[in-house]
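Inside the fold
Residues per chain are reported as follows:
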Amino acid sequence: MHVAQLARLALSEDEIEPMARELSAVLDHVAKIGELNLEDVAPTSHVVDITGALRPDEPRECLPREVALAQAPAVAEDGFLVPSPQA
Amino acid sequence: MSATDVLALSAAQAADAIAAGSLSAGELFEAYRSRAADDRAAGDDGLNCFTWVAEQAPKGIAGAALGGVPLAVKDLFCTKGVPSQSGSRILEGYLPPYSASVVRRLQDAGASLLAKTNQDEFAMGSSNENSGFGAVRNPWDRTRVPGGSSGGSAAAVAAGLAPWALGTDTGGSIRQPAALCGIVGMKPTYGSVSRYGMIAFASSLDQAGPLTRDVRDAALLLGHMVGQDPCDATSLAFPEEISLPSAERLDGVRLGVPEELTGEGIQAGVLDAFRAALVQAEALGAQISQVRLPHAPHALSAYYVIAPAEASSNLARFDGVRYGLRADDPSDLLDMYTRTRHDGFGAEVKRRIMLGTYALSSGYYDAYYGRAQRVRTKISEDFRSAFDQVDLIVTPTAPSVAFKLGEKTADPLAMYLNDFCTVPMSLAGIPAISIPCGLADGLPVGLQIAGPAFSENRVLDAAYALEQSIGFDGVPARV
């Protein structure tokens, strides 16, 4: 349940048991990579050699505010409306 | 041209016919549009390939290379003003304010948006049973899955409901459904196609690619997809033109067969079709030898750490604030987040978010994500060594033919094993194509051909020569 909290995910009572069982099975399987000797192996950061991927830092037009807000479930005063952090 | 003649044309042939004036783009569009709309209207009695179908042909671009040939696009590509939900209920009603770069690029080249295709939710799945829009059926056998996650795209092309389609591949999501539906599907080199506007699953692996009836169409579509995009810092300028393949022979081409991916766990009928394709390759002049990919058997484990980890991060954006679903009457902000995500995500997406959150959580990062990225390095090294000895690597695309709907839904691990042969190439970022190479139990079998980064032209040439030699009849009993 700690992980579900970290993931900001509510789980209903009937979801918890199957989730725990299925995750254990997958984790047992992926734990096999623990058997490999990976000392002195660098973790992959990117699969293709790439350098200088930065584009010039030039101002560009962005989405107009009303377009960016148009898909939101609730809007107020030119912003996204959300409930209070504390009830 | 009669409607039957029009539907028999490959996309490349249709573009040529339009350019020659013997076919009108409007007539072609309507021939497919009406078939796609019928499938959508049929609901469960159809194949359920589509989440949206155009009501009329978009205004064409005169003289453009693709001539207005209609294109079906996987739901997860943002299409301006057209529903784009990545197969998920959490994006209910979302109308993107912009289109994905690759979609725009193809529209500029003259492709007409025909439909959005059904998929596994957020591209997480190998059977297209994890969709918020319901399962897709395989046109070869309605009781079987089309593969996933680009199952709607694959089934639509196989059933002649679209001339060609866009898909995405993270661990096999183009190649495996192409194999199970008897069509061609290609995952290009990571970075060759912009990811901007693709609703992200696992950013270090996601890559868009074509699903087509034949290899020539795959080359034509891919040629208009590749290229650097200022909106995607991981995109690269493709080093050469993608040319239309024409090779008839494979003289001197060295094909490597990795023993790790061609033995245990592969269905006997699939191996028979694979070996028959190798015999054909030899007859075309190819030299076939065994190669080793010692870490390939660990690829699936590494993948099912890396992909969920990246997904758990990418899917944090679905919180009920800016778009899509929001839970009713939240008591506070946290309640809104957790219930919106509970209501909006399907079971497999929740599973992967949990898995990824766990793998990235404090105290477990090194044991899971860190180790998995090291395994990934070893897999890339395996491929580099293999490509010192051979030009291309060949394997079956999927370990089995299309399985029954519901057969693997209760066992996530069994489902994940579908990606056994495709995940190593994804982790290494290298290009791979699946072409149909025969039938087993009356169902299509895919042959996977992979090459080093940016070897798309060589992969396509070899695939084309084999395709001509195999002569696969790509038309299932029309549905």
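These figures come from a predicted structure and were not determined experimentally. All chains use their own residue numbering, which begins from 1 and follows the written sequence. Whichever chain is written first is A, and whichever ligand is written first is 1; the rest continue in order. A pLDDT threshold of at least 70 governs which residues receive local features in this predicted model, and a stricter bar of 80 or more applies before side-chain atom pairs are shown or counted, although totals over entire chains, interfaces and linings include all residues.

**Section: the overall build of chain B**
Helix and strand labels come from DSSP, where a helix needs a run of H or I of at least four residues and a strand needs a run of E of at least two; each type is numbered from the N terminus. A count of helices and strands for chain B gives 15 helices and 11 strands. For the C-alpha atoms alone, the extent of chain B along its principal axes is close to 70 × 55 × 45 Å. Here the C-beta atoms are placed from the backbone, and a residue counts as buried if at least 20 other C-beta atoms lie within 10 Å of its own, exposed if 12 or fewer do, and partly exposed otherwise. Taking all 479 residues of chain B together, the buried fraction comes to 65%. Restricting to contacts in chain B with at least 6 residues of sequence separation, those with at least 24 account for 76%. Contact between residues is assigned whenever the C-beta positions, reconstructed from backbone atoms, fall within 7 Å.

**A short note on the packing of helix H9 (residues 299–314) of chain B against helix H11 (residues 347–360) of chain B**
Residues and elements named next belong to chain B. At a minimum axis separation of 7 Å, H9 and H11 run at an interaxial angle of 100°. The orientation of H9 relative to H11 falls into the category roughly perpendicular. Contacts from Val-305, Pro-308, Ala-309, Ala-311 and Ser-312 of H9 reach H11 at Arg-352, Ile-353, Leu-355, Gly-356, Thr-357, Ala-359 and Leu-360. In the scheme used here, Gly and all other residues not listed as nonpolar or charged are polar, with Ala, Val, Leu, Ile, Met, Phe, Trp, Tyr, Cys and Pro taken as nonpolar and Asp, Glu, Lys and Arg as charged. Split by residue class, the contact of H9 with H11 holds eight nonpolar, three polar and one charged. Here an angle of 0 to 180 degrees is reported between the N-to-C directions of two axes, which are lines fitted to C-alpha atoms, with helices fitted over the stretch in contact. Angle categories: roughly parallel below 35 degrees, roughly antiparallel above 145, roughly perpendicular from 65 to 115, and oblique for all the rest.

**Some details on the interface of chain A and chain B**
Contacts between the two partners involve 41 residues from chain A, matched on the other side by 54 residues from chain B. Elements that contribute at least two residues to the side of chain A that touches chain B include exactly helix H1 (2–6) and helix H2 (13–30) of chain A. Among the elements that line the side of chain A that touches chain B, the one with the most residues is H2(A), at seven residues. Here the side of chain A that touches chain B is composed, by residue class, of 31 nonpolar, six polar and four charged.

**Side note on the environment of A:Ile16**
When you line up the elements, A:Ile16 lands in helix H2. Note: C-alpha distance between A:Ile16 and A:His46 (30 residues apart in sequence) is 36 Å.

**Structural notes on helix H5 (residues 151–158) of chain B**
Each α-helix winds once per 3.6 residues, and so residues spaced three or four apart point in a common direction. Residues and elements named next belong to chain B. Counting buried positions along H5 gives eight out of eight residues, so the element sits mostly inside the fold. Every buried residue of H5 is listed here: Gly-151, Gly-152, Ser-153, Ala-154, Ala-155, Ala-156, Val-157 and Ala-158. Gly-160 occupies a position one or two residues after H5 and carries a positive phi of about 70°.

**Some thoughts on the environment of B:Gly81**
Examined against the element boundaries, B:Gly81 turns out to sit in the loop between strand E2 (70–74) and helix H4 (101–108). Sequence separation between B:Gly81 and B:Ser99 is 18 residues, and the spatial gap between their C-alpha atoms is 8.5 Å.

**A look at unusual backbone geometry**
Residues and elements named next belong to chain B. With an omega of 10°, the peptide bond between Gly-148 and Ser-149 qualifies as cis. Residue position: Ser-149 is located in the loop between strand E3 (112–117) and H5. If you check the backbone angles, Ser-86 has positive phi at about 50° while not being a glycine. Tracing the sequence through the fold places Ser-86 in the loop between E2 and H4. A tally of 30 C-beta atoms within 10 Å means that Ser-86 is categorised as buried.

**Some remarks on the domain arrangement of chain B**
Here chain B is partitioned into domain 1 (3–249) and domain 2 (298–371). Considered class by class, the residues forming the side of domain 1 of chain B that touches domain 2 of chain B number nine nonpolar, eight polar and three charged. Boundaries between domains were set according to an automatic or database domain assignment.

**What to know about the pairing of strand E9 (residues 392–396) of chain B**
Residue and element names in this part refer to chain B. Among the five residues of E9, five are classified as buried, and the element is accordingly described as predominantly covered. Inspection of the sheet shows strand E7 (residues 254–258) paired to E9 by two bridges, in the parallel sense. When the sheet's bridge partners are listed, Leu-255 is paired in E9 with Leu-392. Here E9 pairs with strand E11 (residues 443–450) via four bridges, running antiparallel. Counterpart to Ile-393 in the pairing with E11 is Ala-450. Note on pairing: two strands pair once DSSP finds at least 2 bridges between them.

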